[in-house]
Amino acid sequence: DSGVTQTPKHLITATGQRVTLRCSPRSGDLSVYWYQQSLDQGLQFLIQYYNGEERAKGNILERFSAQQFPDLHSELNLSSLELGDSALYFCASSAEPGLASADTQYFGPGTRLTVL
Amino acid sequence: AQSVTQLGSHVSVSEGALVLLRCNYSSSVPPYLFWYVQYPNQGLQLLLKYTSAATLVKGINGFEAEFKKSETSFHLTKPSAHMSDAAEYFCAVSEKPGAQKLVFGQGTRLTINP
């Protein structure tokens, strides 16, 4: 158990809908990362938040957005869903730079999104 | 830009045989390198990491990897495969540990034959 939790575990929805994926980082970790794992694109970085602020953006679609709340949990919002958005979405967290294990990202179990 | 290439999307070995999973990276700055393992229907678990200390890195479950700058490689090895090693393995690179995104390879699915 990495200490990173994600809910829900599975999500099935229809095209055009909007969903929210939730992530709670390890206790004390300030950085949260979102990744998408799909069969055709592999594992791709979407976005990073650090202590509530967006730190880096990757291959994230405009239909997708994220935020990190004061209690450090994060949500990834996916809207106007398309069949191609079906994937496994992972959240990871890491400790503040300078602290022990800051060089490691710890991954949650993922949310499997199926768009029908 | 950084990139990772994992040679062989599928590797099959017999139980007790050597496991060798290949990873080559491209980075314009000194890289930080990681191997993660993904068991079926689970998240990613860190196996080992190279963050500019010893070039031979030992990880969990008997795995190790050697950073070779001249070959831009970070191959993962295990002397003797066990059935429980069957999983998907991902090599990843970042510019700075912990504070930067990970760029992953396409993954290598390891199958262990009895």
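Please read all numbers here as calculations on a predicted model, not as lab measurements.

1. A word on the overall build of chain A
Part 1 of the reasoning: Within chain A one finds 0 helices and 11 strands.
Part 2 of the reasoning: The globule rule puts the C-alpha radius of gyration for 116 residues at 13 Å, and the 14 Å found for chain A is close to it.
Part 3 of the reasoning: Here chain A holds 116 residues, and the buried ones make up 53% of them.
Part 4 of the reasoning: If you take every contact in chain A between residues at least 6 apart in sequence, the share linking residues at least 24 apart comes to 55%.

2. Details of the packing of aromatic side chains
The geometry of an aromatic ring pair is captured by the separation of the ring centres together with the interplanar angle, meaning the angle of the planes.
Part 1 of the reasoning: As enumerated under the stated definition, the model contains 14 aromatic pairs over all chains in all.
Part 2 of the reasoning: A centroid spacing of 6.1 Å and a plane angle of 75° characterise the contact between A:F107 and B:F104, whose relative ring orientation is edge-to-face. Pair noted here: A:F107 is in strand 10 (residues 106–107) and B:F104 is in strand 10 (residues 103–104), and the two residues belong to different chains. The two residues A:F107 and B:F104 agree in class, both being buried.
Part 3 of the reasoning: Centre to centre, the rings of B:Y25 and B:F67 are 5.9 Å apart; their planes meet at 25°, and the pair counts as stacked. Linking B:Y25 in strand 3 (residues 19–26) with B:F67 in strand 7 (residues 64–68), this pair joins segments that are 42 residues apart in sequence.

3. Details of the state of the cysteines
Part 1 of the reasoning: Using the criterion set out here, one finds 2 disulfides over all chains in the structure.
Part 2 of the reasoning: In this model, A:C23 is linked to A:C91 through a disulfide, with the two sulfur atoms separated by 1.8 Å. The sign of the -45° torsion about the S-S bond sets the A:C23-A:C91 disulfide as left-handed. Here the residue A:C23 occupies a position in strand 3 (residues 19–24), and A:C91 occupies one in strand 9 (residues 87–94), the gap between them amounting to 68 residues.
Part 3 of the reasoning: Put simply, B:C23 and B:C91 are joined by a disulfide, and their sulfur atoms are 2.0 Å apart. When the S-S torsion is -60°, as for the bridge of B:C23 with B:C91, the disulfide is left-handed. Linking B:C23 in strand 3 with B:C91 in strand 9 (residues 87–94), this pair joins segments that are 68 residues apart in sequence.

4. Quick notes on the interface of chain A and chain B
Part 1 of the reasoning: Every contact between the two is made by 20 residues of chain A and, on the other side, 18 residues of chain B.
Part 2 of the reasoning: Taken over both partners, the interface formed by chain A and chain B buries close to 1,600 Å², and the fraction arising from carbon and sulfur atoms is 53%.
Part 3 of the reasoning: Considering only the side of chain A, the residues that lose the most area to chain B are A:L43, A:D103 and A:F107, jointly responsible for 36% of the buried surface there.
Part 4 of the reasoning: Here chain A is connected to chain B by 4 residue pairs in polar contact (both at pLDDT 80 or more).
Part 5 of the reasoning: A per-class count over the side of chain A that touches chain B returns 10 nonpolar, 9 polar and 1 charged.

5. Brief notes about the nonpolar core
Part 1 of the reasoning: Membership of the largest hydrophobic core comes to 28 residues, with the highest contact counts inside it found for B:W35, B:L48, B:L76 and B:Y89.
Part 2 of the reasoning: Contacts of B:L76, omitting those with residues within four sequence positions, involve B:V19, B:L20, B:L21, B:W35, B:L47, B:L48, B:F63, B:E64, B:A65 and B:Y89.

6. Looking at the pairing of strand 9 of chain B
Residues and elements named next belong to chain B.
Part 1 of the reasoning: Of all the 8 residues making up strand 9, 8 are buried; the element is thus mostly covered by neighbouring parts of the structure.
Part 2 of the reasoning: Of the strand pairs in this sheet, strand 9 and strand 11 (residues 108–113) are connected by 3 bridges, and their pairing is antiparallel. Bridging from a neighbouring strand, E88 pairs with R109 of strand 11.

7. Focus: the side chain of A:S93
All names here are of chain A.
Part 1 of the reasoning: Structurally, S93 is set in strand 9.
Part 2 of the reasoning: Taking the relative accessible area as the measure of exposure, S93 reaches 0% and is therefore buried.
Part 3 of the reasoning: One polar contact links the side chain of S93 to the main-chain amide nitrogen of R26, over a distance of 3.3 Å.
Part 4 of the reasoning: Apart from residues lying up to four places away in sequence, S93 is in contact with V4, P25, R26, D29, S31, V32, Y33, T104, Q105 and Y106.

8. Some words on the pattern of salt bridges
Residues and elements named next belong to chain A.
Part 1 of the reasoning: Following the criterion strictly, the structure yields 6 salt bridges over all chains and no others.
Part 2 of the reasoning: Between R26 and D29 there is a salt bridge whose closest N-O contact spans 2.8 Å. The same class applies to R26 and to D29, which are both buried.
Part 3 of the reasoning: Linked by salt bridges that have partners in common, R63, E82 and D85 make up one network.

Conventions used here
Residues numbered from 1 in each chain as written. Chains lettered and ligands numbered in written order. Predicted model: local features only at pLDDT ≥ 70, side-chain atom pairs only at ≥ 80, totals over all residues. Heavy atoms only, no water. Helix = DSSP H or I, 4+ residues; strand = E, 2+ residues; numbered from the N terminus. Rg over C-alpha atoms; globule rule 2.2 N^0.38 Å. Buried < 20%, exposed > 50% of the residue type's maximum accessible area, 1.4 Å probe, protein only. Contact = heavy atoms within 4.5 Å. Phe/Tyr/Trp six-rings, centres within 6.5 Å; stacked < 30°, edge-to-face > 60°. Disulfide = S-S within 2.5 Å. Buried area = accessible area lost by both parts, 1.4 Å probe. Polar contact = N/O pair within 3.5 Å; in protein donor to acceptor, adjacent residues only side chain to side chain. Nonpolar A, V, L, I, M, F, W, Y, C, P; charged D, E, K, R; others polar. Core = buried A, V, L, I, M, F, W, Y, C linked by side-chain atoms within 4.5 Å. Pairing = 2+ DSSP bridges. Salt bridge = Lys/Arg side-chain N within 4 Å of Asp/Glu carboxyl O.

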